[in-house]
Amino acid sequence: MTNDQLEEIVTAIPMPALMVDQTERIIAVNTEAKTLLGQNILQRHFATFLRQPQVIEAIEQSLRTKGTSNTRHLSNDGAQDTTFEVQCRYMNGVGAVSGGALLAVFQDVTHVEQANQMRRDFVANVSHELRTPLTALMGFIETLRGPARDDEAARDRFLQIMNDEANRMNRLVGDLLSLNRVESEERVRPKEQLELTALLKSTLNSLRPLADDADVVLSLDAPEDKIMLVGDSDQLLQVFTNLIENGIKYGGSGGRVEVRVKSSDHDTAMRGPGVRVQIVDRGPGIDPKHVSRLTERFYRADSHRSRQLGGTGLGLAIVKHILNRHRGRLRVESDLGKGTVFTVILPR
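Residues numbered from 1 in each chain as written. Predicted model: local features only at pLDDT ≥ 70, side-chain atom pairs only at ≥ 80, totals over all residues. Heavy atoms only, no water.

Asks: Tell me about the nonpolar core, and please be specific about residues and values.
Replies: With 40 residues, the main nonpolar core has Leu-196, Leu-218, Phe-240, Ile-244, Val-277 and Ile-279 as its most contacted residues. For this core, the elements supplying multiple residues, two or more each, are helix 5 (152-184), helix 6 (196-213), helix 7 (233-251), strand 9 (256-267), strand 10 (272-281), helix 10 (315-325) and strand 12 (339-347). Leave out the neighbours within four places in its chain, and Leu-218 touches Leu-204, Leu-207, Arg-208, Ala-211, Ile-244, Ile-248 and Val-257. Core analysis: the next-biggest nonpolar cluster, separate from the first, contains 20 residues, Val-20, Ala-33, Ile-41 and Leu-63 among them. (Core = buried A, V, L, I, M, F, W, Y, C linked by side-chain atoms within 4.5 Å. Buried < 20%, exposed > 50% of the residue type's maximum accessible area, 1.4 Å probe, protein only. Helix = DSSP H or I, 4+ residues; strand = E, 2+ residues; numbered from the N terminus. Contact = heavy atoms within 4.5 Å.)

Asks: Can you break down the sheet that holds strand 5 (residues 101-108) residue by residue, with the values?
Replies: Here we have 5 strands laid out as an open sheet, ordered 2-1-5-4-3, and antiparallel in their pairing. Sheet topology places strand 2 (26-29) and strand 3 (69-76) at the edges, where each strand pairs with a single neighbour. Across this sheet, the average inter-strand angle for adjacent strands is 25°, counted without regard to direction. One ladder, built from 5 bridges, connects strand 1 (residues 17-21) with strand 5; its direction is antiparallel. Looking across to strand 5, one finds that Ala-17 is bridged to Val-105. Here helix 3 (residues 53-65) sits on the sheet in contact with strand 1, strand 3, strand 4 (81-91) and strand 5, set at roughly 150° to strand 3. Helix-sheet contacts for helix 4 (residues 110-145) involve strand 3, strand 4 and strand 5, and the interaxial angle to strand 4 is about 130°. (Pairing = 2+ DSSP bridges. Axes fitted to C-alpha atoms, helices over the stretch in contact; angles between N-to-C directions.)

Asks: Before we move on, could you go through the environment of Gln-5 and cite the residues and values that matter?
Replies: Tracing the backbone shows Gln-5 in helix 1 (residues 3-11). The spacing of Gln-5 and Ala-28 is 23 residues in sequence and 9.4 Å in space, taken between C-alpha atoms.

Functional significance is not addressed by these values, which are geometric in nature.
Encoded structure:
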């Protein structure tokens, strides 16, 4: 088999691939491998470009034993770290003096590594979130069984704290179930016809007692004409409840949370008819360094305050997945000391 034929075989492989013969030189390479390792690698010694010890060892082993070997190659595409599974297979009768050569194929498994890391992070976060209330409950139970057994005042105080911690765990489990349900439905488009202004009025009415307790005024500025959408009313109610409730809890110091609705025949984000719902507060605002990460699971701009107010760190992650299902967008603008604007953009 000629080198041109080997080149054609390697070029046909839809992932980075190269061949190394017994002279330890690269005798064939495809475009994908050149992009990964460098443009001028043909006829060069493989160790010049594959400098990672585990990759060099795998190739040398295959050349020596004329067998197979597997390893991993770590790289960076300029935006993120990447991981490739390298599979080496030996071919007889090719290369210099037909002495044989190995074919090394690089399979990108970055997405698998990221998924595994997300799973590990998720388990760690859930464990951490549950450990604190569980530790508190166990401690108070032990105290009530011992020193505070006959102390009525302490018993009532501890039972109230235990109730709060149990409610916190219940909220966390509820949000986890909600997140799982939303993710499982994310690719199923909703079909229900709903009227947006009526949905927002219902949301504000349900949150008014919370706003009154926080001494916050809620207001709605919406067009008089009905705004019809195709969506899941329960999920969109969850979106607006979460965002307005956050405005009351975290931006309530400004004394006012406004909901503004604007409909357009051509929304730039939707590239067609769309509607924007802004939830505006006059609170302390969010540091810009946190804004891009707000929809990550368990991410909190202010962890202590969020836990004090009963937050689970999952609310905005749920909002993001619901809006993805509705082909919508979430924009966040905030200035420290001036308040925050959450904008929900939906196709109309």
